Amino acid sequence: EPDAGHQDLTLPAEDETRHQVHGLAGPARPVGAAMFPELFARRVRAHPEAPAVSHGGRSWTYRELDERSDRVAGALLAAGLVAEDVVGVVTERTLGWAAATLGVLKAGGVYLPIRPRFPADRIRTQLEVAAVRFVLSEAGSHDSLDVALAALGEPCPRLLIEDLPAAAAPAESVAPGQLAYIYFTSGSTGLPKGAMCEHATLVNHLLAKVDDLDLDAGTAVAQTASQCFDISLWQLVAPLLVGGRVRIVDTETQLDVPAFLDELAAHDIGVAQLVPSYFEVLVTELERRPRDLGALRAVSVTGEALKLDLVRRWFARHPGIALVNAYGATEVGDDTMHEVLTGEPDRPFVTVGRSLRNVRTYIVDADLRLVPLGSPGEIAFAGVCVGRGYINDEERTRQAFAPDPHVPGERLYRTGDFGRWLPEGRIEFLGRRDQQVKIRGFRIEIGEIEGRLLELPGVRGCAVVVDGDGEARKLVGFYAGPPELAEADVRAHLAAALPDYMVPGACHRMDALPLTENGKVDRKVLAELAATLG
Ligand code: ADP
């Protein structure tokens, strides 16, 4: 049903043939003219009293979620929102957050989630860079948000989600080419980048999740990811396209693995998505204390390379529960490739799978020429998945997005990831070209942290390295600076500027940083030092 409609978004025939031959493009499927708000409205009409979303002890039906999100949309429109105005949603993951997310999309606004627990300075930067027109938040203590709003040059109206009056559904529908959302990701030069995606990109990804995870009206999906991580969006809204149910699982619950497993069981969760480091903790817990996983039938693992050993350990105990390795980037609407595993793979590593619907995947050289099949190169994506770029940042948009030399008139995104084609159209992931790392799934540019360290008076040089594996993976900072610059003060400075997951657990002062023969900071030596410092 969601697939009915126009043909605009299919691949050009010639391109499709060429790429199908090489196994490079995902299946061409018309996206249709109906975007998320309309597809959701159809579900509300079909099953208004079906459960839609729950959190803690509270639950909303489709009708209630519809009504609550209409209030948000109505209030935004009444306050003067026009299409593509950016709305900052500064809430924890609650039912109100669900209403706000849907409300912004329904109103034709651009959804920009911001964690209330971020430092005030980071909230202000995001509000400014994205030129946010309205802020939605919930009552309670949001000190950082208050400070951030007070520091803005232009006043930005703040609406309280739970106080909004009843409102009719917005009359206008949203267009496929209209901007849907922005997620900020870490930026290597110090300033985070706001990656923008349009509604067609969103719906295409949601439908790929519906297909590959077999989402239907009987499915309950665990909403596990932080709201400022783009995977949180499909977790919240993809089930709502098919009449399924969403369970918002608090971060605190996830930190206690047995409690997380209890929550999955108590809510008959069929599909959950985790980052590999957490997945490893889960697998280890299940090996120690085996238990039945009830309705669980698929686990998607995403954000970092999935190791074969973990896959083996999983299938040894849970042969009936599929693993879906999902690969992609925020700039291309989240995932662009899926590897669906129902058993151990027949090669000594896990691939990132095949291109999703309407996604063209290229392996290119520095000049964007296709490398010979099977040779390593940079992974680039084209098609409906390609986002609009970084908000108000033409320079960095130009560096990452380029005209697609293979399909005139279209654009591609260079991931910065290396990979190579395997015979049947799968990709082997070969690592990064730069200093982007993942810590427990959070995407971090080392350069952004180092930029903040260098702001400190007296700091002559610095390096941040990664130590440990899996859940124990952590950042360790080193700086060359005067003895009076205490390590605790350095950490406090970073904590005031960066999200908690970007603040190194330890920062070590040195008189001088170790250098390689050609005078660069010797990161290898520092990594070894970090390991011995523990
Ligand atoms: P997403 O949009 O999927 O949440 P991010 O934008 O946070 O992802 O990070 C994208 C980067 O994360 C990719 O360019 C790649 O380096 C890494 N990544 C994501 N998924 C995988 C995976 N399944 N295997 C290996 N690396 C991955």
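An account of the accompanying structure is given in this report. Since the structure is predicted, the reported quantities are computational estimates derived from the model, not experimental observations. (Residues numbered from 1 in each chain as written. Predicted model: local features only at pLDDT ≥ 70, side-chain atom pairs only at ≥ 80, totals over all residues. Heavy atoms only, no water.)

**What to know about the site of the ligand**
Stage number 1. Residues in contact with the ligand amount to 21 residues; listed here are only the nearest, Asp230, Ala326, Thr330, Asp417 and Arg443.
Stage number 2. Residue Glu304 places a main-chain N or O atom 3.3 Å away from a nitrogen atom belonging to the ligand.
Stage number 3. Coverage of the ligand by the protein amounts to 97% of the 550 Å² it exposes when considered alone.
Stage number 4. Of all elements in the fold, only strand 13 (322-329), strand 14 (334-341), strand 21 (427-432) and strand 22 (436-439) reach the threshold of two or more residues within the shell around the ligand.
Stage number 5. No other element matches the 5 residues that strand 13 contributes to the shell around the ligand.
Stage number 6. Considering only residue class, the shell around the ligand consists of 8 nonpolar, 5 polar and 8 charged. (Near = heavy atom within 4 Å. Polar contact = N/O pair within 3.5 Å; in protein donor to acceptor, adjacent residues only side chain to side chain. Areas by Shrake-Rupley, 256 points an atom, 1.4 Å probe, with all protein chains shown as cover. Helix = DSSP H or I, 4+ residues; strand = E, 2+ residues; numbered from the N terminus. Nonpolar A, V, L, I, M, F, W, Y, C, P; charged D, E, K, R; others polar.)

**Considering the packing of aromatic side chains**
Stage number 1. In the structure shown here, the tally under the stated rule is 12 aromatic pairs.
Stage number 2. With a centroid separation of 5.9 Å and an interplanar angle of 55 degrees, the aromatic rings of Tyr327 and Phe381 are classed as tilted. Within this pair, whereas Tyr327 is found in strand 13, its partner Phe381 is found in strand 17 (residues 377-383), the two being separated by 54 residues in sequence.
Stage number 3. Given a relative accessible area of 7%, Tyr327 falls into the buried group.
Stage number 4. What links up through ring pairs into an aromatic cluster is the set Phe36, Phe40 and Tyr62.
Stage number 5. In this structure, Lys209 packs its charged tip against the face of Trp234, placed 5.4 Å from the ring centre. (Phe/Tyr/Trp six-rings, centres within 6.5 Å; stacked < 30°, edge-to-face > 60°. Buried < 20%, exposed > 50% of the residue type's maximum accessible area, 1.4 Å probe, protein only. Lys NZ or Arg CZ within 6 Å of the ring centre and 35° of its normal.)

**What about the sheet that holds strand 24 (residues 461-467)?**
Stage number 1. Spatially, 24-25-26 is the arrangement adopted by the 3 strands of the open sheet, whose pairing is mixed. The open sheet has two edge strands, strand 24 and strand 26 (506-510), and neither has a second partner. Going from strand to strand, the sheet's axes swing by 20 degrees on average, the running direction of each strand aside.
Stage number 2. Two strands pair when backbone bridges link them, and strand 25 (residues 474-480) and strand 26 are joined in this way by 5 bridges, in the parallel orientation. In the sheet register, Ala480 faces strand 26, and the bridge partner there is Met510.
Stage number 3. Relative to strand 24, helix 16 (residues 523-533) is tilted by about 60 degrees, and along the sheet it contacts strand 24, strand 25 and strand 26. (Pairing = 2+ DSSP bridges. Axes fitted to C-alpha atoms, helices over the stretch in contact; angles between N-to-C directions. Contact = heavy atoms within 4.5 Å.)

**What about the nonpolar core?**
Stage number 1. In this structure, Phe36, Leu76, Leu136, Phe279 and Trp314 are the most contacted members of the largest nonpolar core, which totals 95 residues.
Stage number 2. Broken down by element, the residue count for this core peaks at 9 residues, all from helix 4 (residues 95-107).
Stage number 3. The next biggest cluster of nonpolar side chains, apart from the first, holds 45 residues, and it includes Leu179, Ile391, Cys462 and Leu498. (Core = buried A, V, L, I, M, F, W, Y, C linked by side-chain atoms within 4.5 Å.)

**Side note on helix 5 (residues 120-129)**
Stage number 1. Counting buried residues along helix 5, 7 of its 10 residues qualify, which places the element largely inside the surrounding structure.
Stage number 2. The secondary structure elements touched by the buried residues of helix 5 are strand 4 (110-113), strand 5 (134-137), helix 6 (143-150), strand 7 (179-185), helix 14 (446-454) and helix 15 (487-497).

**A look at the pairing of strand 13**
Stage number 1. Burial within strand 13 is extensive, with 7 of its 8 residues counted as buried.
Stage number 2. In this sheet, strand 13 lies alongside strand 12 (residues 298-302) in parallel orientation, the contact comprising 5 bridges. Bridging across to strand 13, Val299 finds its partner in Leu323.
Stage number 3. With respect to chirality, the unit in which strand 12 leads through helix 12 (residues 308-317) into the neighbouring parallel strand 13 is right-handed.
Stage number 4. Where strand 13 meets strand 14, 7 bridges bridge the pair, whose relative direction is antiparallel. Within strand 14, the position partnered with Val324 by the bridge is Val340.
Stage number 5. What sits between the antiparallel neighbours strand 13 and strand 14 is a turn of 4 residues, in which Gly333 has the positive phi angle 65 degrees. (Right-handed = clockwise from strand over helix to strand, strands pointing away.)

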